[in-house]
Amino acid sequence: ARRLTGHLILNPRRNLENQPLVKWESNTIGQRDSQITTLNALYELAKIAAEFLGVDFDDSEENADKDGPSERDLDLVFNRCVNWLSIFFDCEEFARMREDSNLVVEGRKKESKYSLLLRPVGFILFFDAVAKALKESELTDEREVIERLLRIDWRFESSLWKGIMVNTRNNVSNKASDINLASDLAVYLICGESTPLSFRSNLEQRFRKQYN
């Protein structure tokens with residue numbers, strides 16, 4: 001995750017003293033913060049990429065004394081994250097945000113097009129959906145998956161996420177079950193009937209349970 005923060009895609013000015021796009025000191029981002037995401041969100045992205053690639057990665061306390069992934073595996077994970085992020089930042093809105101932090105602040109407003117993705121939990125669920133779509137559907141092109149996902153309504157105020165990612169108090173949920181449901185829903189929205197029947201049935205059951 002730290003290595004990613006130094007890459008050109010997340011650090012266009014190559015200024016290691018001032019990471020303009022990544023917030024280091026906290027796992028949360030405020031409305032007025034100019035960073036796009038957090039170091040912790042990048043860590044979660046790396047875990048998603050590791051699982052997608054089949055890289056053995058266990059950060060539980062019980063395994064703290066064991067050797068981590070090999071340098072080769074870390075390189076594979078790093079390169080996959082860079083590839084996904086590069087496609088993500090090809091999106092016109094995010095490309096402009098890389099160069100102008102004021103646009104990040106504007107983009108985080110609840111009515112803005114990608115406001116949910118500019119919160120760490122939304123960023124994480126987006127890339128979780130990328131990995132799932134590539135595994136659970138007939139789609140194999142990473143660019144197509146990411147571009148399709150970016151066409152979903154990611155506004156914080158969208159009714160799509162009410163009761164899943166946005167609770168009755170109008171706060172973003174960080175519950176693992178909500179993130180998992182939201183990413184599965186995103187996969188279904190871009191893949192539809194090309195997902196396995198078991199995936200759709202499980203999603204429907206959880207969706208119905210979520211809304212009682």
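Residues numbered from 1 in each chain as written. Predicted model: local features only at pLDDT ≥ 70, side-chain atom pairs only at ≥ 80, totals over all residues. Heavy atoms only, no water.

## Section: the packing of helix H3 (residues 71-88) against helix H6 (residues 120-136)
Interaxial distance between H3 and H6 falls to 12 Å at its minimum, and their mutual angle equals 110°. Relative to H6, H3 is oriented roughly perpendicular. Of the residues in H6, those touching H3 at Trp84, Leu85 and Phe88 are Phe123, Phe126, Phe127, Val130, Ala131 and Leu134. Its residues assigned to classes, the contact of H3 with H6 shows nine nonpolar, no polar and no charged. (Axes fitted to C-alpha atoms, helices over the stretch in contact; angles between N-to-C directions. Helix = DSSP H or I, 4+ residues; strand = E, 2+ residues; numbered from the N terminus. Parallel < 35°, antiparallel > 145°, perpendicular 65-115°, else oblique. Contact = heavy atoms within 4.5 Å. Nonpolar A, V, L, I, M, F, W, Y, C, P; charged D, E, K, R; others polar.)

## A look at the packing of aromatic side chains
In total, this model carries 14 aromatic pairs according to the counting rule given. Relative to tyrosine 211, the ring of phenylalanine 207 has its centre 5.1 Å away and its plane inclined at 55°; by these criteria the two rings are tilted. Given a relative accessible area of 38%, tyrosine 211 falls into the partly exposed group. Cluster of aromatic residues (ring-pair linked, three or more members): Phe52, Trp84, Phe88, Phe89, Phe94, Tyr114, Phe123, Phe126, Phe127, Trp154 and Trp161. The residue whose ring lies beneath arginine 3 is phenylalanine 78, and the NZ or CZ to ring-centre distance is 3.8 Å. Over the face of the ring belonging to phenylalanine 89 we find arginine 98, whose NZ or CZ atom lies 5.8 Å from the ring centre. (Phe/Tyr/Trp six-rings, centres within 6.5 Å; stacked < 30°, edge-to-face > 60°. Buried < 20%, exposed > 50% of the residue type's maximum accessible area, 1.4 Å probe, protein only. Lys NZ or Arg CZ within 6 Å of the ring centre and 35° of its normal.)

## As for unusual backbone geometry
In this model, asparagine 170 sits at a positive phi of 65°, which is unusual for a non-glycine residue. With respect to the helices and strands, asparagine 170 occurs in the loop between helix H7 (142-149) and helix H8 (176-191). You will see that asparagine 212, though not glycine, has its phi angle at about 55°, which is positive. Summarising the element assignment, asparagine 212 is placed in the segment after helix H9 (197-210).

## Describing the nonpolar core
Core analysis: the largest hydrophobic core is formed by 65 residues, its most contacted members being Trp84, Phe94, Phe126 and Trp154. Within the residue set of this core, elements represented by two or more residues are helix H2 (39-53), H3, helix H4 (92-99), H6, H7, H8 and H9. Element by element, the count of residues in this core is highest for H6, at eleven residues. Excluding its chain neighbours within four sequence positions, the residues that come into contact with tryptophan 154 are Lys113, Tyr114, Ser115, Leu116, Leu117, Leu125, Phe126, Leu149, Trp161 and Ala186. (Core = buried A, V, L, I, M, F, W, Y, C linked by side-chain atoms within 4.5 Å.)

## A closer look at H6
For H6, spanning 17 residues, the distance from its first C-alpha to its last is 24 Å, which sits close to the expected 24 Å at 1.5 Å a residue. Of all the 17 residues making up H6, 15 are buried; the element is thus mostly covered by neighbouring parts of the structure. (Expected span 1.5 Å × (residues − 1).)

## Details of the packing of H6 against H7
Their axes nearest at 10 Å, the elements H6 and H7 cross at an angle of 135°. When the interaxial angle is binned, H6 and H7 end up oblique. Helix-helix and strand crossings are classified by hand; for H6 and H7 the assignment is right-handed. For the pair formed by H6 and H7, the contact residues are Phe126, Ala129, Val130, Ala133 and Leu134 on the first element and Glu142, Val145, Ile146 and Leu149 on the second. Of the residues that constitute the contact of H6 with H7, the class distribution is eight nonpolar, no polar and one charged. (Left-handed = near helix turned anticlockwise from the far one by under 90°.)

## Focus: the environment of threonine 28
Of note, threonine 28 is situated in the loop between strand S1 (22-23) and strand S2 (37-38). Along the backbone, threonine 28 and alanine 49 are 21 residues apart, and their C-alpha atoms lie at a distance of 22 Å. Once residues within four sequence positions are removed from consideration, threonine 28 is found in contact with Lys23, Asp33 and Thr38. At a separation of 3.1 Å, a polar atom in the side chain of threonine 28 contacts the side chain of serine 26. (Polar contact = N/O pair within 3.5 Å; in protein donor to acceptor, adjacent residues only side chain to side chain.)

## Regarding the side chain of serine 137
In this structure, serine 137 sits in the loop between H6 and H7. You can call serine 137 buried: its relative accessible area is 13%. A polar atom in the side chain of serine 137 sits 2.6 Å from the backbone oxygen of alanine 133. A polar atom in the side chain of serine 137 sits 3.1 Å from the backbone nitrogen of leucine 139. Contact partners of serine 137, with chain neighbours within four places excluded, come to Lys132, Cys191, Ser194 and Thr195.

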